[in-house]
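# Overview (structure and organization)
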Amino acid sequence: MLKCQYAGLLVRGVVINPFACHTNRQLSWVEVQKRLLKTKNALVTKFKEDPARDHGGTKRPREVSSEDRESRKLDSSLKAAKQSEKVPASIGHEEATKSSESFGHWSQGLKTSMQDPKMQVYKDDTVVVIKDKYPKARYHWLVLPWQTISSLKALSEEHCDLVKHMQQVADQMVQQCPDSNSLRFRTGYHAIPSMSHVHLHVISQDFDSPCLKNKKHWNSFTTDYFMESQDVIQMLETNGRVNVKEGASELLKLPLCCHMCRKDIPTIPALKEHLKSHFPS
């Protein structure tokens, strides 16, 4: 008994002409077409499983199916996505906002800003002063050394003169401010800054700014998370390094409290409204 390649049934002889097959004649035309298609698909699948099979001495190329084409498209899109992730994008300091500038990771954004003439307010051979892109008060500047110093922990005794000069420049900025008589200023560093490259904040204490949006912003300038410039200078002169208290990041989670009268305030909008009583516009 042999299997009929057209009808898919066992017959007593090999049938070459499908219309000579007794079984085939008994089937409807539609059924025959379905079985022929099923047989064809089975042959294609078998050929895929053995792509290196010798067919008359010549290796036939594997037929590319629609699934293969979709798989290749997916691989290409994944590769393109990975390449796009490798392209760095500079992000403005104090906020993880995407920028069209391409400099590096967003935490390196200060290195771009300090080179931008539009951002520069003052510069000399040692330092540069720039406007904070996202000021947390009416007046908010950053004093940065041209020398590459990643953070406070990278400072040593040899940087004492540099840090003192940064403080002197900060004092000059305050003196030149038209509202210096009516506003109080503080100069200091964040204990754990989000931006790479050490920078000294010079900020007025009105905190009147739409960029001050949450508890983290507020507590980073009104708690011990904000390290006074003079304290940093003293640490370097005494110990040759800057000591950052353990758990400093927890200070950012403290309840909102007015830095002027120490009154507890429930929300940022309420806090801003309260500050108007201390700093009328």
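Cut-offs and rules
- Here the residue numbering is sequential within each chain, running from 1 through the sequence in written order.
- For this predicted model, a pLDDT threshold of at least 70 governs which residues receive local features, and a threshold of 80 or more governs which side-chain atom pairs are given and counted, while totals over whole chains, interfaces and linings are taken from all residues.
- To get the side-chain values, take all heavy atoms of the structure and skip hydrogens and water.
- Strands here mean DSSP runs of E at least two residues long; helices mean DSSP runs of H or I at least four residues long; both are numbered from the N terminus.
- By definition in these notes, contact holds between two residues if any of their heavy atoms fall within 4.5 Å.
- Note on areas: Shrake-Rupley with a 1.4 Å probe; residue coverage comes only from the protein chains shown.
- Here a Phe, Tyr or Trp ring, Trp counted by its six-membered ring, pairs with any other such ring whose centre lies within 6.5 Å, and the pair is stacked when the planes are under 30 degrees apart, edge-to-face when over 60, and tilted otherwise.
- Throughout this description, buried means an accessible area under 20% of the type-specific maximum (1.4 Å probe, protein chains only), exposed means over 50%, and partly exposed covers the range between.
- Throughout, the arc means the angular range of directions from the helix axis out to the C-beta atoms.
- Between the N-to-C directions of two axes lies an angle of 0 to 180 degrees, each axis being a line fitted to C-alpha atoms and, for a helix, fitted only over the stretch in contact.
- Throughout, the term roughly parallel applies to angles under 35 degrees, roughly antiparallel to angles over 145, roughly perpendicular to angles from 65 to 115, and oblique to all others.
- Here a crossing is called left-handed whenever its near helix is offset anticlockwise from the far helix by less than a right angle, and right-handed whenever the offset is clockwise.
- In this count, Pro and Cys sit with the nonpolar residues alongside Ala, Val, Leu, Ile, Met, Phe, Trp and Tyr, while Asp, Glu, Lys and Arg are called charged and the others, Gly among them, polar.
- The definition of a polar contact used here is a pair of N or O atoms within 3.5 Å, where within protein one atom must be able to donate a hydrogen and the other to accept one, and adjacent residues in sequence count solely through side-chain atom pairs.
- To define a nonpolar core, start from buried Ala, Val, Leu, Ile, Met, Phe, Trp, Tyr and Cys residues and group those joined through side-chain atoms within 4.5 Å.

### Some words on the overall build of the protein chain
- Scanning the protein chain from N- to C-terminus turns up eight helices and 10 strands.
- Looking at the protein chain alone, contacts between residues at least 24 apart form 54% of all its contacts between residues at least 6 apart.
- As displayed, the protein chain offers around 17,500 Å² of accessible surface, 52% of which is attributable to carbon and sulfur atoms.

### Thoughts on the packing of aromatic side chains
- Applying the stated criterion to the full structure yields six aromatic pairs.
- An angle of 0° between the planes, with centres 6.2 Å apart, marks the rings of Trp141 and Phe185 as stacked. With Trp141 in strand 7 (residues 140–145) and Phe185 in strand 8 (residues 185–190), this residue pair connects regions lying 44 residues apart in the sequence.
- Of the residues examined, Phe185 reaches a relative accessible area of 14% and is grouped as buried.
- Look at Phe221 and Phe226: their rings are 5.7 Å apart centre to centre, the planes differ by 45°, and that puts the pair in the tilted class. In this pair, the class of Phe221 matches that of Phe226, namely buried.
- Among the aromatic residues, those joined into a cluster by ring pairs are Phe207, Trp218, Phe221 and Phe226.

### Focus on helix 7 (residues 229–239)
- Along helix 7, the residues classified as buried are Ser229, Val232, Ile233 and Leu236. Projected down its long axis, helix 7 carries its buried residues within an arc of 100°, all on one side.
- Looking at the buried positions of helix 7, the neighbouring elements they touch are helix 5 (160–176), strand 8, strand 9 (200–204) and strand 10 (226–228).
- Phi turns positive, to about 80°, at Gly240, one or two residues after helix 7.

### Considering the packing of helix 5 against helix 7
- Relative to each other, helix 5 and helix 7 sit at 165°, their axes nearing to 10 Å. The pairing of helix 5 with helix 7 is recorded here as roughly antiparallel in orientation. Crossing angle aside, the handedness with which helix 5 passes helix 7 is left-handed. Listed contacts from helix 7 to Cys160, Val163, Lys164 and Gln167 of helix 5 are Ser229, Gln230, Val232, Ile233, Leu236 and Glu237.
- Among the residues forming the contact of helix 5 with helix 7, the class breakdown is five nonpolar, three polar and two charged.

### Regarding the side chain of Asp132
- Note that Asp132 resides in the loop between strand 6 (127–131) and strand 7.
- Separated by 2.8 Å, the side chain of Asp132 and the backbone nitrogen of Tyr134 make a polar contact.

### Some points on unusual backbone geometry
- A positive phi angle is found at His197, which is not glycine, with a value near 95°.
- On the accessibility criterion, His197 (2% relative accessible area) is buried.
- A positive phi is found at Phe207, a non-glycine position, where the angle reads about 50°.
- The residue Phe207 is located in the loop between strand 9 and helix 6 (215–222) in this model.

### Examining the environment of Tyr139
- By secondary structure assignment, the location of Tyr139 is in the loop between strand 6 and strand 7.
- Residue Tyr139 is classed as buried on the basis of its relative accessible area of 17%.
- For the pair Tyr139 and Ser180, spaced 41 residues apart in the sequence, the C-alpha separation amounts to 10.0 Å.
- Residues contacting Tyr139, with those up to four places away along its chain left out, are Cys177, Pro178, Asp179, Leu183, Phe185, Val202, Ile203 and Ser204.
- There is a polar contact of 2.6 Å between the side chain of Tyr139 and the side chain of Asp179.

### Observations regarding the nonpolar core
- Trp141, Val143, Leu152, Leu155, Phe185, Tyr189 and Val232 are the most contacted members of the largest nonpolar core, which totals 33 residues.
- Of all elements in the fold, only strand 6, strand 7, helix 5, strand 8, strand 9 and helix 7 reach the threshold of two or more residues within this core.
- Considering every element that reaches this core, the biggest residue donor is helix 5, with eight residues.
- Apart from residues no more than four positions distant in its own chain, Val232 is found in contact with Leu152, Leu155, Val163, Tyr189, Met227 and Val242.
- In terms of nonpolar packing, the next biggest core, distinct from the first, is built from 13 residues, Phe207, Phe226, Cys258 and Ile265 among them.

These figures capture arrangement, not role.
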